[in-house]
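# Overview (structure and organization)
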Amino acid sequence: RTVRFVTTNAGKVAEAEEYLSGLADVDQYDYDYVEVQSDSLAEIAASGAEEAYEAAPGDDPVIVDDAGLFVKELEGFPGPYSAYVEDTLGVERVWKLGESLDNRRAAFRCAVAYTDGDATETFSGAVQGQLVAPRGDGGFGYDPIFEHDGKTFAEMGTAEKNALSHRGRALAKLADWLAEENE
Ligand code: ITT
Ligand code: NA
């Protein structure tokens, strides 16, 4: 089977391809859905998936992934605004903010929504870590400033990041669900 991953972010696609290999082929589908204003990543992802499915010619199911970095002492900022903040402030300045905090705990959260046009399912994942000065050149986005167990996500390969990341955990739930659907 083929799933169409609706995203402008090739890094997300690479992670999903690696994770779902053997279960589904992943095609990137470049479509800019409307991000509804919501604190819920699952709601944003589900509404994006349904909109993209309607707009996309073809029958293959689609997935949308909405993710963000949540800094505990900043009340969860940038959270659902992570993409905007990356584009405007940039990762280096988010670290500068983090550097000024007593508590640098942060989490990545991710919601993956899957729809086949009839039903929509959402799967979520999170990982705890802390903000650090940028290290590593793998991954994408905030990976260089997010450290988990002594390594930043940018210092990990795709498989290593997938094994513990927010996206990997959400994709694991999707993979289990797809495997059950296949039975
Ligand atoms: P699409 O919406 O087109 O999928 P996007 O990059 O805008 O692409 P999001 O709306 O989910 O994706 O934005 C999430 C923000 O968080 C964005 O700045 C990403 O770079 C960042 N992000 C998401 N997942 C990440 C990860 O695994 N590692 C580092 N940064 C991540
Ligand atoms: Na986005």
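Every value quoted in this text rests on a predicted model; they were computed, and no experiment measured them. (Residues numbered from 1 in each chain as written. Chains lettered and ligands numbered in written order. Predicted model: local features only at pLDDT ≥ 70, side-chain atom pairs only at ≥ 80, totals over all residues. Heavy atoms only, no water.)

The environment of ligand 1 is formed by 20 residues, the closest being T7, T8, E86, D143 and K161. One of the side-chain N or O atoms of D143 is found 2.6 Å from a nitrogen atom in ligand 1. With the chains in place, 92% of the 600 Å² that ligand 1 exposes on its own is no longer accessible. Elements supplying a minimum of two residues to the shell around ligand 1: β3 (62-71), α3 (82-88) and α6 (166-182). Taken together, the residues of the shell around ligand 1 break down into six nonpolar, six polar and eight charged. (Near = heavy atom within 4 Å. Polar contact = N/O pair within 3.5 Å; in protein donor to acceptor, adjacent residues only side chain to side chain. Areas by Shrake-Rupley, 256 points an atom, 1.4 Å probe, with all protein chains shown as cover. Helix = DSSP H or I, 4+ residues; strand = E, 2+ residues; numbered from the N terminus. Nonpolar A, V, L, I, M, F, W, Y, C, P; charged D, E, K, R; others polar.)

Scanning the model with the defined rule gives six aromatic pairs in all. Centroid distance F108 to F146: 4.4 Å. Interplanar angle 45°. Geometry classified as tilted. Separated by 38 residues along the polypeptide, F108 in strand β4 (residues 105-115) and F146 in strand β6 (residues 146-148) bring together distant segments of the chain. By relative accessible area, which is 5% here, F108 ends up buried. Judged by centre distance (5.2 Å) and plane angle (70°), the ring pair of Y114 and W177 falls under edge-to-face. Pair noted here: Y114 is in strand β4 and W177 is in helix α6, with a separation of 63 residues, a long-range link. An identical accessibility class is assigned to Y114 and W177; each is buried. Counting every residue linked through ring pairs, the aromatic cluster contains F108, F146 and F153. Against the face of F70 rests R109, its NZ or CZ located 5.4 Å from the ring centre. (Phe/Tyr/Trp six-rings, centres within 6.5 Å; stacked < 30°, edge-to-face > 60°. Buried < 20%, exposed > 50% of the residue type's maximum accessible area, 1.4 Å probe, protein only. Lys NZ or Arg CZ within 6 Å of the ring centre and 35° of its normal.)

Let us now look at the environment of A42. Note that A42 resides in helix α2 (residues 41-55). As a C-alpha pair, A42 and Y19 span 23 residues in sequence and 20 Å in three-dimensional space.

The end-to-end C-alpha separation of α6 is 25 Å, in line with the 24 Å expected for 17 residues at 1.5 Å each. Considered for burial, the residues of α6 that qualify are H166, R167, G168, A170, L171, L174, A175, W177 and L178. Buried residues along α6 sit in contact with α1 (10-20), β3, β4, β5 (120-131) and α5 (158-164). Between the side-chain oxygen at the start of α6 and the backbone nitrogen of R167 there is a gap of 3.4 Å, and the oxygen is on S165. (Expected span 1.5 Å × (residues − 1). Contact = heavy atoms within 4.5 Å.)

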